[in-house]
Amino acid sequence: PMNSTVEQLKTRLEQALVAAFGTDYAGVDPMLVPASNPKFGDYQSNAALSLNKKLGKPPRAIAEAIIQHLDVSDLCETPSVAGPGFINFTLKPAYLEAQLNAIQADSRLGIAPAKKPQRVVVDF
């Protein structure tokens with residue numbers, strides 16, 4: 001489920017980039033990574049920093065424009081811009097709780113079956 005969270009955030013960031021700057025920015029990597037420090041939240045996007053030369057705008061202004069077109073209210077608290085233009089995301093406790101409940105209810109605990117199962121011998 002946490003991978004699906006990352007995928008959802010990436011998809012929404014990609015959509016916000018297109019909404020903010022046009023279809024030329026479809027497919028731009030949102031550069032979503034785990035936050036470097038927990039005080040900044042759970043994830044951060046560094047996309048605004050990489051787009052400043054291409055857009056000719058300060059990264060903070062780019063980050064603000066992305067946030068204005070970004071809807072993640074079902075997943076996160078309101079995203080914030082920090083430092084030179086990082087976008088920080090903090091997952092909502094209720095969202096995390098729903099993800100954990102889904103894992104607990106799944107007999108495989110959220111792990112997908114192997115595409116090509118194989119036997120592995122482990123010798124102690």
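Quick note: structure is the one above.
Below is a summary of the structure that appears in this document. (Residues numbered from 1 in each chain as written. Predicted model: local features only at pLDDT ≥ 70, side-chain atom pairs only at ≥ 80, totals over all residues. Heavy atoms only, no water.)

### Here's the deal with the overall build of the chain
Piece 1. Scanning the chain for helices and strands turns up four helices and four strands.
Piece 2. What you see in the chain, going N to C, is helices and strands ordered as α-β-β-α-α-β-β-α.
Piece 3. Relative to the 2.2 N^0.38 estimate, which gives 14 Å for 124 residues, the radius of gyration of the chain is 18 Å and therefore markedly larger than a compact globule would have.
Piece 4. In terms of overall dimensions, the chain has a C-alpha envelope of 55 × 30 × 30 Å along the principal axes.
Piece 5. Counting all 124 residues of the chain, 33% fall into the buried class.
Piece 6. When contacts within the chain are restricted to residue pairs at least 6 apart in sequence, those whose partners lie at least 24 apart make up 48%.
Piece 7. Per element, the accessible surface of the chain, about 8100 Å² overall, is 55% carbon and sulfur.
Piece 8. Between the centroid of the 12 positive side chains of the chain and the centroid of its 12 negative side chains there is a distance of 6 Å. (Helix = DSSP H or I, 4+ residues; strand = E, 2+ residues; numbered from the N terminus. Rg over C-alpha atoms; globule rule 2.2 N^0.38 Å. Buried < 20%, exposed > 50% of the residue type's maximum accessible area, 1.4 Å probe, protein only. Contact = heavy atoms within 4.5 Å. Areas by Shrake-Rupley, 256 points an atom, 1.4 Å probe, with all protein chains shown as cover. Lys, Arg positive; Asp, Glu negative; His and termini not counted. Charge placed at Lys NZ, Arg CZ, Asp CG, Glu CD.)

### Let's talk about the side chain of Arg-12
Piece 1. As for its placement among the helices and strands, Arg-12 is situated in helix H1 (residues 2–21).
Piece 2. Among the polar contacts made by the side chain of Arg-12, one reaches the side chain of Asp-74 at a distance of 2.5 Å.
Piece 3. In contact with Arg-12, not counting residues within four places along its chain, are Leu-70, Asp-71, Val-72, Asp-74 and Leu-75. (Polar contact = N/O pair within 3.5 Å; in protein donor to acceptor, adjacent residues only side chain to side chain.)

### A look at the nonpolar core
Looking at soluble globular proteins, one finds that nonpolar side chains tend to be buried together.
Piece 1. Membership of the largest hydrophobic core comes to 27 residues, with the highest contact counts inside it found for Leu-9, Phe-21, Ile-66 and Phe-89.
Piece 2. For this core, the secondary-structure elements that each account for two or more residues are H1, helix H2 (47–55), helix H3 (59–68) and strand E4 (86–89).
Piece 3. Examining the composition of this core, we find that six residues originate from one element, H1, more than from any other.
Piece 4. With sequence-adjacent residues up to four places away left out, Ile-66 is seen in contact with Leu-13, Ala-16, Leu-17, Phe-21 and Ile-87. (Core = buried A, V, L, I, M, F, W, Y, C linked by side-chain atoms within 4.5 Å.)

### Points about a nonpolar patch on the surface
Piece 1. Together, Val-120, Val-122 and Phe-124 make up an exposed nonpolar region whose accessible area comes to about 440 Å².
Piece 2. By secondary structure assignment, the location of Phe-124 is in the segment after helix H4 (93–105). (Patch = residues over 30% accessible without salt bridge, like charges linked within 9 Å, V, L, I, M, F, W, Y side chains within 5 Å. Salt bridge = Lys/Arg side-chain N within 4 Å of Asp/Glu carboxyl O.)

### Notes on the pattern of salt bridges
Oppositely charged side chains can pair when the atoms bearing their charge come close.
Piece 1. For the structure on display, the rule yields one salt bridge.
Piece 2. Among the salt bridges present, the one from Arg-12 reaches Asp-74, with a minimum N-O distance of 2.5 Å. Taken together, the residues Arg-12 in helix H1 and Asp-74 in the loop between H3 and strand E3 (80–82) connect sequence positions 62 residues apart.
Piece 3. Owing to a relative accessible area of 44%, Asp-74 belongs among the partly exposed residues under this scheme.

### Focus on unusual backbone geometry
Piece 1. One non-glycine residue, Met-31, lies in positive phi territory at about 50 degrees.
Piece 2. We classify Met-31 as partly exposed; its relative accessible area is 31%.

### Quick word on the sheet that holds E4
Piece 1. Strand order across the open sheet formed by four strands is E1-E2-E4-E3, with antiparallel pairing between neighbours. Two strands lie at the open edges of the sheet, namely strand E1 (32–34) and E3, each paired on one side alone. The sheet shows a mean angle of 35 degrees between the axes of neighbouring strands, taken without regard to direction.
Piece 2. Pairing of E1 with strand E2 (residues 43–45) involves three bridges; the strand directions are antiparallel. Its bridge partner lying in E2, Leu-32 is registered against Ser-45.
Piece 3. H3 contacts E3 and E4 of the sheet and is inclined by roughly 170 degrees relative to E3. (Pairing = 2+ DSSP bridges. Axes fitted to C-alpha atoms, helices over the stretch in contact; angles between N-to-C directions.)

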